[in-house]
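Structural overview
This is what each chain is made of:
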Amino acid sequence: MKFDDLKSIIDIENDLELNLISSDWAMIQGENSELDNWLTKEDFEQLFSPLPEFKSNETVFAFETFERIYKSTGEIRRLSGSFHLNWKDFSDFQDTTDILCFYLVSPKLSWVLYANRDVWLFAKATNKPLN
């Protein structure tokens, strides 16, 4: 999956938070813990444990919201990653990533998590079946 795939559900031109294209999404917001990198384990499990992707340990995709330009090489790159949707893999991601704010999505694009160092926003499509 590529970052541009998100264009079908969010406005990636205004990516300072979660701007959904359609109103057919339910959204909740929470604050990040000052002690944890992104979400706490409790927030993670509350958001994801009801989802089929969590139950099947499916691979999900994380994308940085901006392109970096590396001074040494001139390379332009958007950081991204993928991991199985479980607490251990997410915790490893948040402990080791250089990403400052990101979108996390399932391959079906039926939900999206946006997080920066202060807040997270989670949206789920209300018009798409989740199983």
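Residues numbered from 1 in each chain as written. Predicted model: local features only at pLDDT ≥ 70, side-chain atom pairs only at ≥ 80, totals over all residues. Heavy atoms only, no water.

Observations regarding the sheet that holds strand β2 (residues 59-64)
Taken together, the 6 strands give an open sheet; going across it, the order is β1-β8-β7-β6-β2-β5, and neighbouring strands pair in antiparallel fashion. Of all strands in the sheet, those bounded by a partner on one side alone are β1 (25-31) and β5 (80-84). In this sheet, adjacent strand axes meet at a mean angle of 20° when their direction is disregarded. The sheet contact formed by β2 and β5 spans 5 bridges and is antiparallel. Opposite F63, over in β5, you have S80 as the bridge partner. The strands touched by helix α1 (residues 41-48) are β1, β6 (102-105), β7 (111-115) and β8 (119-125); relative to β8, the strand with the most contacts, the crossing angle is about 10°. Of the strands in this sheet, β2, β5 and β6 touch helix α3 (residues 87-96), which is tilted by about 155° from β5. (Pairing = 2+ DSSP bridges. Helix = DSSP H or I, 4+ residues; strand = E, 2+ residues; numbered from the N terminus. Axes fitted to C-alpha atoms, helices over the stretch in contact; angles between N-to-C directions. Contact = heavy atoms within 4.5 Å.)

Considerations on the confidence of the model for the protein chain
Per-chain confidence: the protein chain averages 84 in pLDDT, with 90% of residues scoring 70 or above. By mean pLDDT, the top-scoring element of the protein chain is α1 (92), and the lowest-scoring one is strand β4 (residues 76-77) (83). (pLDDT = per-residue confidence, 0-100.)

What to know about the nonpolar core
One finds F48, F90, F102, L104 and L113 to be the most contacted residues of the largest nonpolar core, which totals 21 residues. Elements represented by at least two residues in this core include exactly α1, β2, α3, β6, β7 and β8. With sequence-adjacent residues up to four places away left out, L113 is seen in contact with L39, L47, F48, F102, Y103, L104, W120, L121 and F122. The next biggest cluster of nonpolar side chains, apart from the first, holds 18 residues, and it includes F3, Y103, L121 and A123. (Core = buried A, V, L, I, M, F, W, Y, C linked by side-chain atoms within 4.5 Å. Buried < 20%, exposed > 50% of the residue type's maximum accessible area, 1.4 Å probe, protein only.)

Quick notes on the packing of aromatic side chains
The description of an aromatic ring pair uses the distance of the two centres, along with the angle that the planes make with each other. By the definition in use, this model includes 13 aromatic pairs. Connected via pairs of aromatic rings, a cluster forms that spans F44, F48, F54, F83, W87, F90, F93, F102, W111 and F122. (Phe/Tyr/Trp six-rings, centres within 6.5 Å; stacked < 30°, edge-to-face > 60°.)

Looking at unusual backbone geometry
In the Ramachandran plot, N57 falls in the positive-phi region, its phi being about 60° despite a non-glycine side chain. Along the chain, N57 falls in the loop between α2 (52-55) and β2. One non-glycine residue, L109, lies in positive phi territory at about 55°. Of note, L109 is situated in the loop between β6 and β7.

Section: the pattern of salt bridges
Going through the model one piece at a time under the given rule, you end up with 2 salt bridges. Note that R68 is salt-bridged to E64, the shortest N-O span being 2.7 Å. In this structure E64 comes out as buried when scored by relative accessible area, which is 0%. With a closest N to O distance of 2.8 Å, K88 and D92 form a salt bridge. Here the residue K88 and the residue D92 both occupy positions in helix α3, the gap between them amounting to 4 residues, near one helical turn. For K88, a relative accessible area of 56% corresponds to the exposed category. (Salt bridge = Lys/Arg side-chain N within 4 Å of Asp/Glu carboxyl O.)

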